[in-house]
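Each chain is listed here by its residues.
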Amino acid sequence: MSERKIRVLVAKPGLDGHDRGAKVVARALRDAGMEVIYTGLRQTPEMIAEAALQEDVDVVGLSILSGAHMALVPRIIELLKANGQESVKLFVGGIIPDEDVPRLKEMGVTGIYGPGASTEDIVADVRQSVLAAA
Amino acid sequence: MTLAQAVLDKDRLALSRLLTRVENDTQEGRAALAELFPHTGKAHLIGVTGAPGTGKSTLVNQMALHYRKQDGKRVAIVAVDPSSPFTGGAVLGDRVRMRDLAGDPNVFIRSMASRGSLGGLAQTTAAVVQVFDAAGFDVILIETVGAGQAEVDIARLAHTTLVVEAPGLGDDIQAIKAGILEIADVLVINKADRPGVENTERALKSMLELAHPVKRVFRHHGQTMTVPAQEVEEDTLLWIPPVQRTVATDGTGIPELAEAIARHAEHLRQSGDWVARERARLQSELDALIQETLVSRFRADVSEKRYEEALSQVIQRSLSPWEAVRMLMNGRKG
Ligand SMILES: Nc1nc2c(ncn2[C@@H]2O[C@H](COP(=O)(O)OP(=O)(O)OP(=O)(O)O)[C@@H](O)[C@H]2O)c(=O)[nH]1
Ligand SMILES: [Mg+2]
């Protein structure tokens, strides 16, 4: 019987730019032994929730640089819940103004990271959140 | 209601959760597989293999679109990517090319990491495919890791195996490794919009002619005569892998590819090979299970201590491995 692998969906919702940051985080999670499903640019909330469902992930990581987080995050949470995946942990990275952080946490986001965050911290927090829920 | 029953009821969350348990080879997963087994054996399993970057995922995306639109078939996709041998982690990126399938409840895409298995599939890919089969998917597309070598595992699992080539990968020798023709039921030259497609096709076809003579040319009364293979070989049930050109980025050649796949399925049914393949696959599954069960029974019967004692005698050359096995199996004290 193999050990249970942590599965993480890394997605880039919204129409903005590049996915360099998302890829760096994806690789760091892989190097920590996790299985990362990478979905690429321009994902709608519906696409993200559908992929999370099909892949039975423990964690969804979103990279949001557009400033649309206050619209995207609640929508994704709502869709995950509708699919019966309320236990999935949500992490958000990107440019998030300080005043939005408490509101996102209230909605149920587990971790929020700015551009300067270390990948070690992200990896440790992701692992911790899954182990704590198990 | 058990997870397996929920899967039969087309509950997608239950399906996804069961796939995880089956992938992890848990007791619960095995019990569900046993429950689902009578419902398997209906899907057409199509393997897609070929070197990295030849366009397998893009092709799978187009094929799934085709099966949805033309035939209304329910399509499952299992996409295998390699695990890192150092960390055991993986980045599974095949979904990036399959975004056109989003929002269709009759398509289900599941990514799998190879988890140390070397044959292009994961250890539990066959079991995952069984779950999809039982869940009522008509077509199951299985994308292998794409090590670029003959991947025998996929040929064993799938009814129809596509080997995907692309122009400009060092066609003549490099990409067309020995053994690939033995596993290919259909050869796909993807990226047919790229220069060099004629070279790739020529190289593939000449390899094919070596493996399966298409026609024979000889001189008769000073004239060159050509005899088609059928007359020479009598064996009309022989399947010669067709070579199909595709452009997976825009869908060119996909209907023709689907037709070739349908012809192959028909050939398997007509020739009795469908049943023969099924038999071979289930037999090897059964044999593997017997082996596993015997080994675990052996472990339960023979203590670690007795095993270690026998091993050290073998190392000292005071006992041969054959004698050691006989001794351990007979339950005699060493
Ligand atoms: N020009 C051209 N490019 C293509 C075609 N099909 C796929 N591609 C491109 O080839 C690249 C690789 O495609 P994938 O579908 O990811 O290839 P793959 O074989 O699944 O790759 P791995 O899973 O990494 O082995 C992508 O940039 C595709 O857009 C095609 O028919 N023509
Ligand atoms: Mg791929």
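First, a word on scope: everything that follows refers to the structure included in this document. (Residues numbered from 1 in each chain as written. Chains lettered and ligands numbered in written order. Predicted model: local features only at pLDDT ≥ 70, side-chain atom pairs only at ≥ 80, totals over all residues. Heavy atoms only, no water.)

Remarks on the coordination of the magnesium ion (ligand 2)
In a perfect tetrahedron of four donors around a metal, the angles come out at 109.5 degrees. In a perfect octahedron of six, they are 90 or 180 degrees. All names here are of chain B. Every protein donor of the magnesium ion (ligand 2) is accounted for by Ser-57 (OG), Asp-94 (OD) and Glu-143 (OE), and the metal-donor separations fall at 2.1 to 2.2 Å. Look at where the donors of the magnesium ion (ligand 2) fall in the sequence and you get S-x36-D-x48-E. Note that Asp-94 is positioned in the loop between strand S3 (90-92) and strand S4 (107-113) and Glu-143 in strand S5 (residues 139-143), a separation of 49 residues in sequence. Here Asp-94 and Glu-143 have matching classes, each one buried. (Donors = N, O, S within 2.8 Å, 3.2 Å for Na, K, Ca; no water. Helix = DSSP H or I, 4+ residues; strand = E, 2+ residues; numbered from the N terminus. Buried < 20%, exposed > 50% of the residue type's maximum accessible area, 1.4 Å probe, protein only.)

Digging into the sheet that holds S4 of chain B
All names here are of chain B. Read across the sheet, 7 strands follow the order S4-S2-S5-S1-S6-S7-S10 without closing on themselves; strand pairing throughout is parallel. With one partner strand each, in any of the chains shown, S4 and strand S10 (243-245) form the two edges of the open sheet. Averaged over all adjacent pairs, the angle separating strand axes in this sheet is 20°, with direction ignored. Strand direction decides the pairing type here: strand S7 (residues 186-189) and S10, joined by 3 bridges, are parallel. Among the inter-strand pairings, Val-188 is bridged to a residue of S10, identified as Gln-244. (Pairing = 2+ DSSP bridges. Axes fitted to C-alpha atoms, helices over the stretch in contact; angles between N-to-C directions.)

Re helix H12 (residues 273-301) of chain B
One turn of an α-helix holds 3.6 residues; hence residues three or four places apart share an orientation. Between the first and last C-alpha of H12 of chain B there are 41 Å, a value that for 29 residues agrees with the 42 Å anticipated at 1.5 Å per step. Taken as a whole, H12 of chain B has its buried residues at Trp-274, Glu-278 and Arg-281 of chain B. (Expected span 1.5 Å × (residues − 1).)

Things to note about the interface of chain B and chain A
Contacts between the two partners involve 30 residues from chain B and, on the opposite side, 29 residues from chain A. When chain B packs against chain A, the two sides together hide about 2500 Å² of surface, and 47% of this comes from carbon and sulfur. On the chain B side of the interface with chain A, the three residues burying the most area are Val-91, Arg-95 and Arg-99 of chain B, jointly 23% of the side's total. For the interface between chain B and chain A, the tally reads 4 salt bridges. A salt bridge links Glu-55 of chain A to Arg-95 of chain B; the nearest nitrogen and oxygen atoms lie 2.6 Å apart. Elements that contribute at least two residues to the side of chain B that touches chain A include exactly helix H2 (12-23), S3 and S4 of chain B. Split by residue class, the side of chain B that touches chain A holds 10 nonpolar, 11 polar and 9 charged. Here 3 bridges tie strand S2 (residues 35-38) of chain A to S3 of chain B, and the two strands are oriented parallel to one another. Bridged to Ile-37 of chain A within S3 of chain B is Leu-92 of chain B. (Contact = heavy atoms within 4.5 Å. Buried area = accessible area lost by both parts, 1.4 Å probe. Salt bridge = Lys/Arg side-chain N within 4 Å of Asp/Glu carboxyl O. Nonpolar A, V, L, I, M, F, W, Y, C, P; charged D, E, K, R; others polar.)

Here we look at unusual backbone geometry
All names here are of chain B. For Asp-25, which is not glycine, the phi dihedral falls at a positive 55°. In this structure, Asp-25 sits in the loop between H2 and helix H3 (27-36). The class for Asp-25 is partly exposed, based on a relative accessible area of 27%. A positive phi angle, near 65°, is found at Arg-317, a position not held by glycine. Within the secondary structure, Arg-317 sits in the loop between helix H13 (304-315) and helix H14 (321-329).

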